Amino acid sequence: MRKSIVIVGVLWALLTGCSHLSVKHLPQKPFQLNQTENISMRFWDFQYSVTMENNKYMVKGVAFPNTKVWPGWGEWLHDFALSAYLSDEHGIVLAKDLVSYPIQQVSSEGVSFSFSIPSETIPADKETFLSFGYRMSLTQSMYQSPSARRPLSGDTDVFTAIEGALSR
């Protein structure tokens, strides 16, 4: 019995030790400095540029909602966060950053973002790519604490969308 527990433990350690975050399934662009670029995803379109500041890569821009595919009643963003991922040519995440936002009304002007990624996390000898991710809950009206109202009842419709890195 004890021997089988040890074997299972060793196998678990090997499997989790080999896991990594992957963004191979997400749209990506080559990571380039001082260029204005666009990446379109299902529910958000990202316009951004990358600069170097204080030995960090700064990814700054605006995420525009693609409201054509959102429910027509959706006006408020809850549990909203944007992510930036730097990956290698196989989609393996080398570095990432996440920004969480307060509850806010959806605006066609978009949401500004700024991600900071230390330059030493990116190997100079590999081609790198940039991808974005997001998590959001969309409602018709503002309510203060989505977690306080779980499980959500019939008086609040919620649309949730997530695109981001996957553990492999």
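For the structure itself, consult the block above.
Residues numbered from 1 in each chain as written. Predicted model: local features only at pLDDT ≥ 70, side-chain atom pairs only at ≥ 80, totals over all residues. Heavy atoms only, no water.

Some details on the nonpolar core
Now for step 1: Counting 34 residues, the largest nonpolar core has Trp44, Phe46, Val59, Leu82, Phe113 and Phe132 as its most contacted members.
Now for step 2: For this core, the element with the highest residue contribution is strand β6 (residues 76-87), accounting for 6 residues.
Now for step 3: Trp44 has contacts with Ile39, Ala63, Phe64, Pro65, Asn66, Trp70, Leu77, Phe80, Val111, Tyr134 and Met136, leaving out every residue within four places of it along the chain. (Core = buried A, V, L, I, M, F, W, Y, C linked by side-chain atoms within 4.5 Å. Buried < 20%, exposed > 50% of the residue type's maximum accessible area, 1.4 Å probe, protein only. Helix = DSSP H or I, 4+ residues; strand = E, 2+ residues; numbered from the N terminus. Contact = heavy atoms within 4.5 Å.)

Side note on the sheet that holds strand β4 (residues 44-53)
Now for step 1: One open sheet accounts for 4 strands, arranged β3-β4-β5-β9; its pairing is antiparallel. With partners counted over all chains shown, the strands left at the sheet margins are β3 (37-40) and β9 (111-118), one partner each. For this sheet, the mean inter-axis angle between neighbouring strands, taken without regard to orientation, is 25 degrees.
Now for step 2: Sheet analysis places β3 next to β4, joined by 4 bridges and oriented antiparallel. When the bridges of β4 are listed, Asn38 appears paired with Gln47. (Pairing = 2+ DSSP bridges. Axes fitted to C-alpha atoms, helices over the stretch in contact; angles between N-to-C directions.)

Concerning unusual backbone geometry
Now for step 1: Phi angles above zero are rare outside glycine, and Asn55 is one such case at about 65 degrees.
Now for step 2: Following the sequence through the fold, Asn55 ends up in the loop between β4 and β5 (56-65).
Now for step 3: Despite not being glycine, Asp79 has its phi angle at roughly 45 degrees, a positive value.
Now for step 4: As for its placement among the helices and strands, Asp79 is situated in strand β6.

Re the side chain of Glu37
Now for step 1: Take Glu37: it is sitting in strand β3.
Now for step 2: Here Glu37 falls in the buried class, since its relative accessible area comes to 15%.

Side note on the side chain of Asn66
Now for step 1: Mapped onto the secondary structure, Asn66 falls in the loop between β5 and β6.
Now for step 2: For Asn66, a relative accessible area of 18% puts it in the buried group.
Now for step 3: If we skip the residues at most four places from it in the chain, Asn66 touches Met41, Arg42, Phe43, Trp44 and Asp45.

Section: the pattern of salt bridges
Now for step 1: With the rule as written, the count across this model stands at 2 salt bridges.
Now for step 2: Ionic pairing is found between Lys29 and Glu37, a salt bridge with its closest N-O pair at 3.5 Å.
Now for step 3: Across the pair Glu53 and Lys60 runs a salt bridge, and its minimum N-O distance is 3.4 Å.
Now for step 4: Judged by relative accessible area, which is 35%, Lys60 ranks as partly exposed. (Salt bridge = Lys/Arg side-chain N within 4 Å of Asp/Glu carboxyl O.)

Some remarks on the pairing of β5
Now for step 1: Here 10 bridges tie β4 to β5, and the two strands are oriented antiparallel to one another. Bridging across to β5, Glu53 finds its partner in Lys56.
Now for step 2: Bridging between β5 and β9 involves 8 bridges; their strand directions are antiparallel. Residue pairing for β9: Val62 is matched across the bridge by Ser112.

Brief notes about the pairing of β3
Now for step 1: Alternating residues of β3 divide into Glu37 and Ile39, all buried, and Asn38 and Ser40, none buried.
Now for step 2: Counting the residues in the hairpin turn of β3 and β4 gives 3 residues.

Focus on the environment of Leu98
Now for step 1: Summarising the element assignment, Leu98 is placed in strand β7 (residues 93-101).
Now for step 2: Given the relative accessible area of 45%, Leu98 is considered partly exposed.
Now for step 3: On a C-alpha basis, the gap between Leu98 and Phe113 in space is 9.7 Å, while along the polypeptide they are 15 residues apart.
Now for step 4: Leu98 has contacts with Ala81, Leu82, Ser83, Phe115 and Arg135, leaving out every residue within four places of it along the chain.

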